[in-house]
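An overview of the molecular structure
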Amino acid sequence: MTAASRYTYLGPEGTFTEAALRTLPEAATRELVPMISVPAALDAVRAGDAAGALVPIENSVEGGVSATVDELASGEPLMIYREVLLPIAFALLVRPGTTLADIKTVTGHPVAQPQVRGWLAQHLPQAQWESAASNADGARLVQEGRYDAAFAGEFAAATYGLDPLVTEIHDADNATTRFVLTGRPARPAAPTGADKTSVVLWLREDHPGALLEVLQEFATCGVNLMRIESRPTGAGIGQYSFSLDCEGHISERRVGEALMGLRRLCRDIRFLGSYPRADRVAATVREGTTDPDFLRAADWLTRCLDGRGA
């Protein structure tokens, strides 16, 4: 297959990312290529070796996936075109014949640990945790005998010849991970009425109320923020970028006006895309912030400038 029909994802085979990718209808007609890391999956798109990459970006228990948030904020720009929400429950995968009493070491992706910490404390309090590049990679390491058990999706057991000793493990009910399908920058898809917009911004300078000024742009335009996360830029202590998700589509006047305000205030802003929300929940638009409201206000200003009066 050509690069245009290839999708990469955080591998190896058997990750939750692969499971999320296979929920997309177009995945059935694509070559799905596992990559060793989030940067590797995204760099394949940047290099033109794949049309898209699916990577985890947020977990309802642990929060943002820093590798993805940081990678989308740096390097050659990419855009988000889809998102997938996947309920997460772990299985404890072991080599055949292993019992709970045999388990001295466990592994899994770092984001998995906070989601099973309580279960571990109750059932395997003496087990030593070591992080793996992904949950499926942890399963592979158990297969190779490097660890006694791995927390991964139950569906990964057959791939690595392991047994699911315990299933449906999660400290928090309804734990969910959000994944995003990224690609090279292009025109955003048309608005659906239930959309999300993502950006990364860098403040022009650090001063009292700098972040408040950013938040006020959204509040004034009637745009609801869904996520805000600060990440160190690497330029020194106290130097941060901010990754944001908000309701709505950039083509909507309230969202466009808010983003223009941010462009004025900030040293830099990176548009990461406007795309359909996976939950299909439409935004509640307050009176005074609809597109017709903005158009009427612009018309009023024009009439004042033209001498036609208010």
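Conventions we followed
Residues numbered from 1 in each chain as written. Predicted model: local features only at pLDDT ≥ 70, side-chain atom pairs only at ≥ 80, totals over all residues. Heavy atoms only, no water. Helix = DSSP H or I, 4+ residues; strand = E, 2+ residues; numbered from the N terminus. Buried < 20%, exposed > 50% of the residue type's maximum accessible area, 1.4 Å probe, protein only. Contact = heavy atoms within 4.5 Å. Areas by Shrake-Rupley, 256 points an atom, 1.4 Å probe, with all protein chains shown as cover. Lys, Arg positive; Asp, Glu negative; His and termini not counted. Charge placed at Lys NZ, Arg CZ, Asp CG, Glu CD. Domains from an automatic or database assignment. Buried area = accessible area lost by both parts, 1.4 Å probe. Salt bridge = Lys/Arg side-chain N within 4 Å of Asp/Glu carboxyl O. UniProt positions renumbered as here; feature names shortened; annotations may be inferred. Polar contact = N/O pair within 3.5 Å; in protein donor to acceptor, adjacent residues only side chain to side chain. Axes fitted to C-alpha atoms, helices over the stretch in contact; angles between N-to-C directions. Parallel < 35°, antiparallel > 145°, perpendicular 65-115°, else oblique. Left-handed = near helix turned anticlockwise from the far one by under 90°. Nonpolar A, V, L, I, M, F, W, Y, C, P; charged D, E, K, R; others polar. Pairing = 2+ DSSP bridges.

With that out of the way, let us pick up the overall build of the protein. Helix and strand counts for the protein stand at eight helices and 15 strands. By its C-alpha atoms, the protein is 85 × 45 × 35 Å across when sized along the principal axes. Counting the 310 residues in the protein, one finds 46% classified as buried. In the protein, 76% of the contacts between residues at least 6 apart in sequence involve partners at least 24 apart. Accessible surface computed for the protein: about 14700 Å², of which carbon and sulfur atoms make up 53%. Across the protein, the centroid of the 29 positively charged side chains sits 5 Å from that of the 39 negatively charged ones.

Time to look at the domain arrangement of the protein. By convention, interface size is frequently given as the accessible area that disappears when the constituent parts associate. Per the domain assignment, the segments of the protein are domain 1 (1–88 + 172–186), domain 2 (90–169) and domain 3 (188–310). Using only C-alpha atoms to locate each centre, domain 1 and domain 3 end up separated by 25 Å. Taken together, the contact between domain 1 and domain 3 spans 21 residues of the former and 19 residues of the latter. With both sides pooled, the region where domain 1 packs onto domain 3 buries about 1600 Å², and carbon together with sulfur makes up 53% of that total. Applying the counting criterion to the domain 1 and domain 3 interface returns three salt bridges. Residue Arg-178 is joined to Asp-245 by a salt bridge in which the shortest nitrogen-to-oxygen separation is 2.8 Å. Elements with a minimum of two residues in the side of domain 1 that touches domain 3: helix 3 (66–73) and strand 5 (79–87).

As a further point, take the UniProt feature "domain: Prephenate dehydratase" (unreviewed entry) in the protein. Under the feature "domain: Prephenate dehydratase" (unreviewed entry), the UniProt entry names residues 6–184. Within residues 6–184, the helical portion is 24% and the strand portion 34%, while the C-alpha atoms at the span's ends are 13 Å from each other.

The next point concerns helix 5 (residues 135–143). The buried count for helix 5 comes to seven of nine residues, which makes it a mostly enclosed element. Every buried residue belonging to helix 5 is among Asn-135, Ala-136, Asp-137, Gly-138, Ala-139, Leu-141 and Val-142, and all of these are buried. Buried residues in helix 5 make contact with helix 1 (16–21), strand 6 (90–94), strand 7 (105–108) and strand 9 (149–152). Immediately downstream of helix 5, the backbone of Gly-145 shows phi near 90°, a positive value.

The UniProt record marks residues 199–276 with the feature "domain: ACT" (unreviewed entry), using the residue numbering of this structure. In this annotation, residues 199–276 is assigned 32% helix and 41% strand; the end-to-end C-alpha distance for the span is 15 Å.

Moving on, we come to the pattern of salt bridges. In this structure the tally under the stated criterion is 24 salt bridges. Linking Lys-196 and Glu-83 is a salt bridge whose minimum nitrogen-to-oxygen distance equals 3.0 Å. Here Glu-83 lies in strand 5 and Lys-196 lies in strand 12 (residues 195–203), a separation of 113 residues in the sequence. Accessibility classification places Lys-196 together with Glu-83 in one group, the buried group. One connected set of salt bridges, linked through shared partners, spans Glu-58, Glu-83, Arg-178, Lys-196, Arg-227, Glu-229 and Asp-245.

To continue, consider helix 2 (residues 38–46). Considered for burial, the residues of helix 2 that qualify are Val-38, Ala-41, Leu-42, Ala-44, Val-45 and Arg-46. The N-terminus of helix 2 is capped by Ser-37, whose side-chain oxygen sits 3.2 Å from the backbone nitrogen of Ala-40. Of the residues one or two after helix 2, Gly-48 is the one with positive phi, at around 85°.

Another point: the packing of helix 6 (residues 210–221) against helix 7 (residues 253–265). Remark: helix 6 packs on helix 7, axes separated minimally by 8 Å, with the N-to-C direction vectors making an angle of 160°. Taken together, the axes of helix 6 and helix 7 are roughly antiparallel relative to one another. Viewed along their axes, helix 6 and helix 7 form a crossing whose handedness is right-handed. Where helix 6 approaches helix 7, its residues Glu-213, Val-214, Glu-217, Phe-218 and Cys-221 are matched on the opposing element by Arg-254, Glu-257, Ala-258, Gly-261, Leu-262, Arg-264 and Leu-265. Here the contact of helix 6 with helix 7 is composed, by residue class, of six nonpolar, one polar and five charged.

Tracing the backbone through its elements, the reader meets Ser-198 in strand 12. The exposure class assigned to Ser-198 is buried, which follows from its relative accessible area of 1%. Within polar-contact distance, the side chain of Ser-198 engages the side chain of Asp-245 at 2.6 Å. Of note is the side chain of Ser-198, whose polar atom sits 2.6 Å from the side chain of Tyr-275. Leaving out residues up to four positions away in the same chain, Ser-198 has contacts with Ile-80, Arg-178, Leu-244, Asp-245, Arg-270, Phe-271, Leu-272, Gly-273 and Tyr-275.

Here we take up the sheet that holds strand 10 (residues 163–169). Within the open sheet, the five strands sit side by side as 8-7-9-6-10. Their pairing is mixed. Where the open sheet ends on each side, the last strands, each with one partner, are strand 8 (128–131) and strand 10. Shown here is a sheet whose adjacent strand axes are inclined to one another by a mean of 25°, direction ignored. Pairing geometry for strand 7 and strand 8, over four bridges, is parallel. Bridge pairing in strand 8 links Gly-108 to Ser-131. This element, helix 5, spans strand 6, strand 7 and strand 9 of the sheet and lies at about 160° to strand 9.

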